[in-house]
Amino acid sequence: MTPYNADTTATQLVNDYASLIKDKVVLTTGVSPNSLGGFFVQAIAKAKPSYLILAARNPSKAQQTSQEIIAAEPEVKIRTLQLDLGSFKSVCEAAEKVKSWNDIPIIDVLVNNAGIMAPDYQISEDGFESQLATNHLGPFLFTNLIMSKVLASQNPRVVMVSSDGHRLNPIRFDDYNFDSGKTHNKWYAYGQSKTANMLMAISLAEKLGTKHNLLTFSLHPGVIWTNLADHLDMDTGFDGLRAADKTLGNREGWGEFKAKSLDQGVATHVYAAFDPRLKAHNGSYLIDCRIGDPLSDTIKPWATSSLEAKKLWNLSEKLVGQEFAY
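In short, a report on the structure. Because the structure is predicted, anything quoted here is derived from the model rather than measured.

1. Observations concerning the overall build of the protein
Consideration 1: In terms of regular secondary structure, the protein is built from 12 helices and 8 strands.
Consideration 2: Taken over C-alpha atoms, the radius of gyration comes to 18 Å for the protein, in line with the 20 Å a tight globule of 326 residues would show.
Consideration 3: When its C-alpha atoms are laid out on the principal axes, the protein stretches across 50 × 45 × 40 Å.
Consideration 4: A burial count over the protein gives 57% of its 326 residues as buried.
Consideration 5: Accessible surface for the protein amounts to roughly 13700 Å². Of this, 49% is attributable to carbon and sulfur atoms.
Consideration 6: For the protein, the distance from the average site of its 32 positive side-chain charges to the average site of its 35 negative ones is 4 Å.

2. Some thoughts on helix 3 (residues 36–45)
Consideration 1: Most of helix 3 is tucked away, with 8 of its 10 residues classed as buried.
Consideration 2: Buried residues of helix 3: L36, G37, G38, F40, V41, A43, I44 and A45, and no others.

3. Examining the side chain of D297
Consideration 1: Topologically, D297 is positioned in the loop between strand 8 (290–291) and helix 12 (306–320).
Consideration 2: A polar side-chain atom of D297 sits 2.8 Å from a polar atom in the side chain of R290.
Consideration 3: Excluding anything up to four places from it in sequence, D297 contacts R251, I287, R290 and G292.

4. Topic: the pairing of strand 3 (residues 77–82)
Consideration 1: Pairing geometry for strand 2 (residues 51–56) and strand 3, over 6 bridges, is parallel. Paired with A55 across the strands is L81, a residue of strand 3.
Consideration 2: Crossover handedness for the path strand 2 to helix 4 (residues 59–72) to strand 3: right-handed.

5. Let's talk about the nonpolar core
Consideration 1: With 47 residues, the main nonpolar core has L27, F142 and I146 as its most contacted residues.
Consideration 2: Residue assignment for this core shows that the elements contributing at least two residues are strand 1 (25–29), strand 2, helix 5 (88–100), helix 6 (130–145), helix 7 (147–151), strand 5 (157–161), helix 8 (186–212) and helix 12.
Consideration 3: Setting aside residues no more than four positions away along its own chain, L27 makes contact with I53, A55, V98, I107, V109, L110, V111, F142 and I146.
Consideration 4: Core analysis: the second largest hydrophobic core is formed by 41 residues, Y4, L54, A56 and V76 among them.

6. So, the environment of I104
Consideration 1: Position of I104 among the secondary structure elements: in the loop between helix 5 and strand 4 (109–112).
Consideration 2: Separated by 216 residues in sequence, I104 and V320 place their C-alpha atoms 26 Å apart.
Consideration 3: Apart from residues lying up to four places away in sequence, I104 is in contact with V25, Y51, I53, R79 and K149.

7. Examining the packing of helix 6 against helix 8
Consideration 1: As a packed pair, helix 6 and helix 8 sit with axes 7 Å apart at the nearest point and diverge in direction by 20°. Judged by the inter-axis angle, helix 6 sits roughly parallel to helix 8. Between helix 6 and helix 8 lies a crossing of right-handed hand. For the pair formed by helix 6 and helix 8, the contact residues are Q131, L132, N135, H136, P139, F140, T143 and N144 on the first element and K186, A189, Y190, Q192, S193, K194, A196, N197, M200 and L204 on the second.
Consideration 2: In terms of residue class, the contact of helix 6 with helix 8 is built from 8 nonpolar, 8 polar and 2 charged.

8. Let's talk about the packing of helix 3 against helix 11 (residues 267–274)
Consideration 1: Their axes nearest at 9 Å, the elements helix 3 and helix 11 cross at an angle of 60°. In terms of their interaxial angle, helix 3 and helix 11 are classed as oblique. Handedness of the crossing formed by helix 3 with helix 11: right-handed. Facing helix 3, whose interface residues are L36, F40 and I44, helix 11 presents H269, V270, A273 and F274.
Consideration 2: Here the residues of the contact of helix 3 with helix 11 are counted per class, giving 6 nonpolar, 1 polar and no charged.

9. Notes on unusual backbone geometry
Consideration 1: Residues other than glycine seldom take positive phi values, yet N34 does so here, at roughly 60°.
Consideration 2: Checked against the element boundaries, N34 lands in the loop between strand 1 and helix 3.
Consideration 3: On the accessibility criterion, N34 (45% relative accessible area) is partly exposed.
Consideration 4: Phi at K48 takes a positive value of approximately 60°, unusual for a residue other than glycine.
Consideration 5: The class for K48 is partly exposed, based on a relative accessible area of 27%.

10. Here's the deal with the environment of F217
Consideration 1: Looking at where F217 falls in the secondary structure, it is placed in strand 6 (residues 215–220).
Consideration 2: Spatially, the C-alpha atoms of F217 and H281 are 8.6 Å apart, while their sequence positions differ by 64 residues.

11. Some points on the pattern of salt bridges
Consideration 1: Within the structure shown, the criterion is met by 17 salt bridges.
Consideration 2: Note that K186 and D120 form a salt bridge whose closest N and O atoms lie 3.2 Å from each other. Remark: D120 occurs in the loop between strand 4 and helix 6 and K186 occurs in helix 8; sequence separation between them is 66 residues.
Consideration 3: For D120, a relative accessible area of 54% corresponds to the exposed category.
Consideration 4: One continuous salt-bridge network, built from bridges that share partners, spans D164, R167, D245, R251 and E252.

So, how was this worked out
- Residues numbered from 1 in each chain as written.
- Predicted model: local features only at pLDDT ≥ 70, side-chain atom pairs only at ≥ 80, totals over all residues.
- Heavy atoms only, no water.
- Helix = DSSP H or I, 4+ residues; strand = E, 2+ residues; numbered from the N terminus.
- Rg over C-alpha atoms; globule rule 2.2 N^0.38 Å.
- Buried < 20%, exposed > 50% of the residue type's maximum accessible area, 1.4 Å probe, protein only.
- Areas by Shrake-Rupley, 256 points an atom, 1.4 Å probe, with all protein chains shown as cover.
- Lys, Arg positive; Asp, Glu negative; His and termini not counted.
- Charge placed at Lys NZ, Arg CZ, Asp CG, Glu CD.
- Polar contact = N/O pair within 3.5 Å; in protein donor to acceptor, adjacent residues only side chain to side chain.
- Contact = heavy atoms within 4.5 Å.
- Pairing = 2+ DSSP bridges.
- Right-handed = clockwise from strand over helix to strand, strands pointing away.
- Core = buried A, V, L, I, M, F, W, Y, C linked by side-chain atoms within 4.5 Å.
- Axes fitted to C-alpha atoms, helices over the stretch in contact; angles between N-to-C directions.
- Parallel < 35°, antiparallel > 145°, perpendicular 65-115°, else oblique.
- Left-handed = near helix turned anticlockwise from the far one by under 90°.
- Nonpolar A, V, L, I, M, F, W, Y, C, P; charged D, E, K, R; others polar.
- Salt bridge = Lys/Arg side-chain N within 4 Å of Asp/Glu carboxyl O.

Structure below.
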């Protein structure tokens, strides 16, 4: 088989993995139209999964994506779910709803795709910097609350959509709220949350991989112009990112963004969710439909450390107010 690469498309992978996608139950967060999650569920719908669960903060956007799938693939069953990852209350309510669906006893693949990127400093209703809350604490709580249904699958997978933006910051264990905003940098906060996605994948693989056959991966989809960046001015909105990279000595501060199409950007989602050869690489960080290479890719050691992963798991349990003993 020809190796996949940065130009590989989700359409190609769905064709290659059609037999592996068929009859699966897949729950995906962040499925608005013109988003990575929205394109992902539309792409895999062509391979006839048994159920697609579409979770979004805005129910009308999830419904719009649902209608587009139904028009193209009427055989695929769809359930929508309102989920605001920036609110623990919303997360708990959504998890209870998922667990109450007796007609969907298992979830084969959970794709934690939803996220926000570089908003101005805000505090969530639970008291946390908004990117840490939405990109990590919400998914951490939601994933663990529905884990019983995930582990009911014979071959369960959890996919964490991270970013090479993890290069911008490790976890600020003793100051995750940036001194109540006094030292806040929107790109450093983004980096902290994306590092958290990678560390969560490592923890889940270590805690549940051997005992429960759970495969968990994090990934960088690439640079794709979606609604994630709608709030940023395309002429000046990324100046802070380049400045942060230059301050940190990252090569990205001097380069140009090489953008992917949505079809290419979602390919690594499909790869992480279904590629059978990844079983030997549980917990890995993926890029361009392959396992990331720390020697040639931008992969920071703070995002691949088992020790950092354990520390973050303990902190996350404390912040969400619940412990998950596996």
